[in-house]
Amino acid sequence: MVVLPVRFERSPRLHAMLSPEPHAVGTRVVVQGKRGPEVATVRGEATAPDPQGRYGAVLRAAEPGDLERWEELHRQGEDLKWLLRARARERGLPVKIVAVEFTLDESLVTVSYSAEDRIELNSLIGELRAHTRARVNFAAVGPREQAQMIGTLGACGRENCSSTHLQEFAPVSIRMARDQQLPLNPEKLSGPCGRLLCCLQFEHTQYLDLLRDLPRKNARVCHEGSGACGKVVKLHPLAGTVDVHTEQGLLVGVPAAELTRAPETGGKGKRPEAEA
């Protein structure tokens, strides 16, 4: 037995599955997941299983009949998604139907939805019963999960990280934006999901390292070469420079390495306190 990392269609997250034989990267396989049999794609090389690990199972390489059936169920799920959206709108239900997904044996259909408040959706089951005999499961998803399943474009012009490579949603805070000297504009700091951009966390530790070599904002400093003193008004971590508003009323950008802490009562200045 070997372990294969596989990916399902609506998420980039990799799931470890036990397989009786290795399969090449890119192979479509039928797996036994939590919901039932589904089609997934192998996304990595085979590894040895961990005796303490918990795994799903790769049943077999997907055959042409499996793939044809999977595509048919996908089309049926898309049709039902739009049907349920229309019925929910007619009934005034404050809900967005995100996805309708079948298992390969059509024993279960999962309706993923997004709503601001707790909502009862049993009235929509009858709409599904007219088209499938599968057991119905309603699953609430958050804004980030919704963006992950639908797929959107980010401010960078590329597909959002949550639907391409993120394996989990790590906490993102406004402090990360402050540390990266970004303008605290909610429109610029929010992704398509309406939450803080996941990419703020990617370089946060590097910014913290760079800030340790810079003086604090509002610190009093002097330039070693010119002797001009003033207050730090802006930091540029990537460039290693700061903007200083001098006592003469000028705004100058200087390398942080050329600054010393302004003396309180005269004398040679010391290196300005680094950003913690």
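Residues numbered from 1 in each chain as written. Predicted model: local features only at pLDDT ≥ 70, side-chain atom pairs only at ≥ 80, totals over all residues. Heavy atoms only, no water.

Trainee: Would you mind going over helix α1 (residues 64–90) with me for this structure?
Mentor: Each turn of an α-helix holds 3.6 residues, which means side chains three or four residues apart point in the same direction. Between its first and last C-alpha atoms α1 spans 39 Å; for 27 residues at 1.5 Å apiece the expected length is 39 Å, and the two agree. All of the buried residues along α1 are Asp 66, Trp 70, Leu 73, Gln 76, Gly 77, Leu 80, Lys 81, Leu 83, Leu 84, Arg 85, Ala 86 and Ala 88. In this structure, the buried side of α1 is in contact with β3 (28–32), β4 (37–42), β5 (56–61), β6 (96–102), β7 (108–114) and α2 (125–129). Count one or two residues on from α1 and you reach Gly 92, which has phi positive near 70°. (Helix = DSSP H or I, 4+ residues; strand = E, 2+ residues; numbered from the N terminus. Expected span 1.5 Å × (residues − 1). Buried < 20%, exposed > 50% of the residue type's maximum accessible area, 1.4 Å probe, protein only. Contact = heavy atoms within 4.5 Å.)

Trainee: Explain helix α6 (residues 204–211) to me, please; I cannot follow it from the model alone.
Mentor: Residues of α6 that are buried include every one of His 204, Tyr 207 and Leu 211, and no others. In an axial view of α6, the angular spread of the buried residues amounts to 60°, which keeps them on one side of the axis. Looking at the packing, one finds that the buried side of α6 touches α4 (174–179) and β10 (229–236). (Arc of directions from axis to C-beta.)

Trainee: Explain the UniProt feature "domain: PSP1 C-terminal" (unreviewed entry) in the chain here, please?
Mentor: Residues annotated by UniProt as "domain: PSP1 C-terminal" (unreviewed entry) correspond here to residues 56–141. Taken as a whole, residues 56–141 contains 37% helix and 30% strand, while its terminal C-alpha atoms sit 23 Å from one another. (UniProt positions renumbered as here; feature names shortened; annotations may be inferred.)

Trainee: Would you take a moment to explain the state of the cysteines for this structure?
Mentor: For the coordinates displayed, the defined rule picks out 1 disulfide. Sulfur-sulfur distance for the disulfide between Cys 222 and Cys 229 comes to 1.8 Å. One disulfide, between Cys 222 and Cys 229, carries an S-S torsion of 95° and so falls in the right-handed class. For Cys 193, which is in no disulfide, the shortest distance to another cysteine sulfur is to Cys 198 and amounts to 6.2 Å. Here Cys 199 is not disulfide-linked; the sulfur of Cys 161 is the nearest cysteine sulfur, at 5.7 Å. (Disulfide = S-S within 2.5 Å.)

Trainee: Explanation requested: unusual backbone geometry in the structure shown.
Mentor: Generally, phi is negative for residues other than glycine and the peptide bonds are trans, each holding for most cases. The phi angle at Glu 106 is positive, at roughly 60°, despite the residue not being glycine. Relative to the elements of secondary structure, Glu 106 occurs in the loop between β6 and β7. Here Asn 218, not a glycine, exhibits a phi torsion of approximately 75°, which is positive. On the basis of relative accessibility, which here comes to 49%, the residue Asn 218 falls in the partly exposed class.

Trainee: Explain the environment of Asn 160 here, please?
Mentor: Note that Asn 160 resides in the loop between α3 (143–150) and α4. On the basis of relative accessibility, which here comes to 8%, the residue Asn 160 falls in the buried class. In sequence terms Asn 160 and Gln 32 are 128 residues apart; their C-alpha atoms lie 28 Å from each other. Leaving out residues up to four positions away in the same chain, Asn 160 has contacts with Ala 147, Gln 148, Gly 151, Thr 152, Leu 153 and Gly 154.

Trainee: Mind showing me how you'd approach the domain arrangement of the chain here?
Mentor: It is common to give the size of an interface as the accessible area that goes away when the parts come together. The domain architecture assigned to the chain consists of domain 1 (2–44 + 56–62), domain 2 (67–141), domain 3 (154–211) and domain 4 (215–261). If you average the C-alpha positions of domain 2 and of domain 4, the two centres end up 59 Å apart. (Domains from an automatic or database assignment.)

Trainee: Whenever I open this one, the sheet that holds β4 confuses me. Can you help?
Mentor: Backbone-to-backbone hydrogen bonds pair the strands of a sheet. The strands run either parallel or antiparallel. The mixed closed barrel is built from 5 strands, whose spatial order is β1-β2-β5-β3-β4. Neighbour-to-neighbour, the strand axes of the sheet open up by a mean angle of 55°, direction not taken into account. Alignment of strand β2 (residues 14–19) against β5, held across 2 bridges, turns out to be parallel. Its bridge partner lying in β5, Met 17 is registered against Gly 56. Contacting β3, β4 and β5, α1 runs over the sheet at an angle of about 75° to β3. (Pairing = 2+ DSSP bridges. Axes fitted to C-alpha atoms, helices over the stretch in contact; angles between N-to-C directions.)

Trainee: Help me understand the packing of aromatic side chains in this model?
Mentor: Each aromatic ring pair is summarised here by two numbers: the centre-to-centre distance and the angle between the ring planes. Per the stated rule, a full pass over the model turns up 1 aromatic pair. Relative to Phe 138, the ring of Tyr 113 lies with its centre 6.5 Å away and its plane at 75°, an arrangement referred to as edge-to-face. Placement of Tyr 113 in strand β7 and of Phe 138 in strand β8 (residues 135–140) is noted, with a sequence separation of 25 residues between them. Owing to a relative accessible area of 13%, Tyr 113 belongs among the buried residues under this scheme. Against the face of Trp 82 rests Arg 85, its NZ or CZ located 4.6 Å from the ring centre. (Phe/Tyr/Trp six-rings, centres within 6.5 Å; stacked < 30°, edge-to-face > 60°. Lys NZ or Arg CZ within 6 Å of the ring centre and 35° of its normal.)

Trainee: Looking at this structure, how should I read the pattern of salt bridges?
Mentor: When charged atoms on two side chains of opposite charge get close, those side chains can pair. This structure, assessed with the given rule, holds 14 salt bridges. Note that Arg 69 and Glu 106 form a salt bridge whose closest N and O atoms lie 2.4 Å from each other. Residue Arg 69 is located in helix α1, and its partner Glu 106 is located in the loop between β6 and β7; the two are separated by 37 residues in the primary sequence. Classification of Arg 69 by relative accessible area gives partly exposed; the value is 27%. The partner of Glu 90 in a salt bridge is Arg 87, and the shortest N-O contact between them spans 3.4 Å. (Salt bridge = Lys/Arg side-chain N within 4 Å of Asp/Glu carboxyl O.)

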